[in-house]
Amino acid sequence: MPASSLARLIFQKVPHRIAARTTYRGLSVGFKGDLRNIGLSDVFQNISANRLGGTLRIYDEKDERYVFFSQGEATMASRGKDGGSLVDTLLKDGKISERDHDRITKRQAKSPKSLSELLAEMKVMKPDDFRSFARHFLEEEVYEIFSWASALFEFTEGEPPPEIFDPAQKALILSIPATGIIMEAARRLDEWEKIGKRIPTFRAVVVPTSPIQAGTDIPGGEVGREVMESADGRRSVQWLIDHLPHTKFEICKAVADLEEAGMLRTLSEFERVRLAETFASAGQTDEALEILRLSLEVDRNDHDMRRKYASLLEQLGKLEEAASEVKILAHMLLEAGNREGAVGAYQWAASLSPSDTVAREKLYGLRKEIGGGAAADEAGRELAQLYRKVGLKEKARDLYLELVEASDDDPDLDELLAKTYLELGETRSAASRYRSAARLHLGRRNYDEAAEIYEQILKIDPENPEAQKIIVEIREGRIALRKQRLRRAAGLFVGIAGGVLLCGVLVYEGFARYAFHLAHKDEITLLQNGNVMGSIDRYKEVSSRYPYSLSGAEARGIIARLAGWQIGLSKSPDEIKQLLELHLTQEIRTRGEERREYLAIHVQLASYEGMRDDERREVQEKIATIREVGAAGPILQIHREIRGRSWTPEINVALLKALEGINHKQTILPILIIWLDEIDQDYGGPGPQADNDRKEIRETLIRLTGRKEASTEPKALTAGYWRSVLEGEE
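Residues numbered from 1 in each chain as written. Predicted model: local features only at pLDDT ≥ 70, side-chain atom pairs only at ≥ 80, totals over all residues. Heavy atoms only, no water.

Trainee: Lay out the packing of aromatic side chains in plain terms, naming residues and giving numbers.
Mentor: Geometrically, a pair of aromatic rings is defined through the distance of the ring centres and the angle of the planes. According to the stated counting rule, one finds eight aromatic pairs in the structure shown. For the ring pair Phe-44 and Phe-69, a centre distance of 5.2 Å and an interplane angle of 80° mean the geometry is edge-to-face. In this pair, Phe-44 is assigned in helix H3 (residues 40–49) and Phe-69 in strand E3 (residues 64–70), connecting sequence segments 25 residues apart. The class of Phe-44 is buried, set by a relative accessible area of 0%. For Phe-69, a relative accessible area of 1% puts it in the buried group. Here Phe-516 and Tyr-539 contribute two aromatic rings whose centre-to-centre distance is 5.7 Å and whose plane-to-plane angle is 50°, an arrangement assigned as tilted. Of this pair, Phe-516 sits in helix H25 (residues 478–528) while Tyr-539 sits in helix H26 (residues 532–545); the two residues are 23 residues apart in sequence, bridging distant segments of the chain. The burial state of Phe-516 is the same as that of Tyr-539; both residues are buried. Taken together, Phe-31, Phe-153 and Phe-155 form an aromatic cluster joined through their ring pairs. Over the aromatic face of Tyr-59 sits the side chain of Arg-57, whose NZ or CZ is 3.8 Å from the ring centroid. (Phe/Tyr/Trp six-rings, centres within 6.5 Å; stacked < 30°, edge-to-face > 60°. Helix = DSSP H or I, 4+ residues; strand = E, 2+ residues; numbered from the N terminus. Buried < 20%, exposed > 50% of the residue type's maximum accessible area, 1.4 Å probe, protein only. Lys NZ or Arg CZ within 6 Å of the ring centre and 35° of its normal.)

Below you can see the structure in the form of structure tokens.
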């Protein structure tokens, strides 16, 4: 909204309502409020309409400003007791030298003359120039207050507090009407909105896009030129505000105008990181921190940037600040699903701030979620110890109870829990836990530790008979002797039981060997009569009756050999399937479950309908090769041979489904890619069936590689695409 429209709206609609409020119960004498509920324009207009005289204080948690009004018009401004004087502002803005500043300050302390008179007398500044400067200072201070988004205010009638306002301002008797202030403030708010789009933060570091050429027209005039000369790619906008002799508004507007003209730009994230590293290596740590803060303002979710920022804080010894940043990093890692990274960050935060229970609580919780175990137990113990140290005894007790329940009879935990009970004054529970710890030590033959704990029990309960008795027995060695006798008795029992078990095993193996001998005798007769299946059945009886014997294992090996021999002679598809399963069962048992993946393919290949007996026998020979090599590669060779003889489209589909059960990606991917090349050849040219097979192969490739985006890419139906994928993964 244009400044004139905003001012008109304020004067037409605001004063009556505010004036009504301020006259209620004598609020014109003194009032206060929140700028989020009542705009600063309303406050100024109220003071002006009622011609009030007094001090308006505007403040928040970090800063405060004061404006003094006389007859409803602003006459003085201040930043508080330590806000500086007009003579200090003259020095900062470059209007006087340091030498003049020192001379004027000394003379002010001795002379009753005003600052304006002293400046004129010393021929430093003319009275009119000083008055103009002071008026500009007052206006800029007031206008800046209007940019505050939220703050509290309070108005107090009366004379200006001497400790707040500079006497030099009071002597000038300046006067600025609220009307002009409100209109100019509205205009500047519009400008600030535009500036904010160009300068998101005052920590932004700016640099000229090119050197200034002579005669170049620079936006912002003299202010713009000074900004261009000072912006060297290492200084932030805040630095320019603090060091150049111009107001914040003037400098920020100049920066925004220069950026819009393409003569100035802010550093990129990469440039900011490099600059921070340069500052840090040069020992300019404050500058490095400032740059990293800027980067985090721009992107709060940059994990690496926050890690660098925390590391630099740690190097500077600002451990609490570093711990806070690391906890934020841990939270972000957790939200991103990186629990291991979050664990490391919380460990780092705990080391930086040893008394921080929050970091250790998070660490313990994550350790439990990830899988518990020794890491979670250690984190829990450290947290419980910290609870005790900082006085959270109840929390320590509850956590020790949780750890004891999850542990495998750890006497140290029971002892720590007992000490915590004592600190809480729960002596009965402490004695109970001490007894548990002592008994665990006795069970582990840690007699000295057990005696020490029983002595702790006697301190709690001096008449405890168990503690008195066991301490005496430990010191006299009776408990150790009793335990030794028990160990000898247990050893004797184990020896006898082992002997009995060995006898049982020998008897079991003897029966199995006898049954195997009978099956072997029958094998000779059955093989002579050509009854291979009968011989296999006899050995299967031995294997099923004595599965855990050496003879049973030997019988299974013979079954596999006989089945492999008979495969080449059999003509029945059902019998071939049965023999294949018998033949490969031993391989699966002795060389791993992954053989089952090949078994499914072997059975399918051996039972294709339409194959002649001689072709089937050749397939069996290839199966033997596959079994020995232990790879799926020869399957492709079988497929090619079948395709040249009795190939049908169903063979491709069946073989593809068989391959889907194999997890050996490196072996299967090349086979599928070759198939994509050969599909048109299989079908005698392109067609619907070839397209369907090509799509099925593509889906299998997507499943094996995880490249879901390939489902929408036309080139993913070609072998060349998948070869490039395979080469990229390698």
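Moving on from the coordinates now.
Trainee: I'd like a description of the pattern of salt bridges, backed by residues and values.
Mentor: Pairing between side chains of opposite charge can happen when the charged atoms of each approach one another. Taken as a whole and assessed by the stated rule, the structure comprises 33 salt bridges. Residue Arg-187 pairs with Glu-184 through a salt bridge whose shortest N-O separation is 2.5 Å. You can see Arg-187 and its partner Glu-184 sitting in helix H9 (residues 178–198), three residues apart, about one turn around the helix. Residues Asp-410 and Arg-381 are paired through a salt bridge, measuring 2.3 Å at the closest nitrogen-oxygen approach. (Salt bridge = Lys/Arg side-chain N within 4 Å of Asp/Glu carboxyl O.)

Trainee: Before we move on, could you go through helix H19 (residues 373–389) and cite the residues and values that matter?
Mentor: Its 17 residues give H19 an end-to-end C-alpha distance of 25 Å, which sits within 8% of 24 Å, the value for a rise of 1.5 Å per residue. The complete set of buried residues in H19 reads Ala-376, Ala-379, Gly-380, Leu-383, Ala-384, Leu-386, Tyr-387 and Arg-388. Where the residues of H19 are buried, they touch helix H18 (357–370), helix H20 (393–406) and helix H21 (411–423). With its phi angle positive at about 95°, Gly-391 sits one or two positions after the end of H19. (Expected span 1.5 Å × (residues − 1). Contact = heavy atoms within 4.5 Å.)

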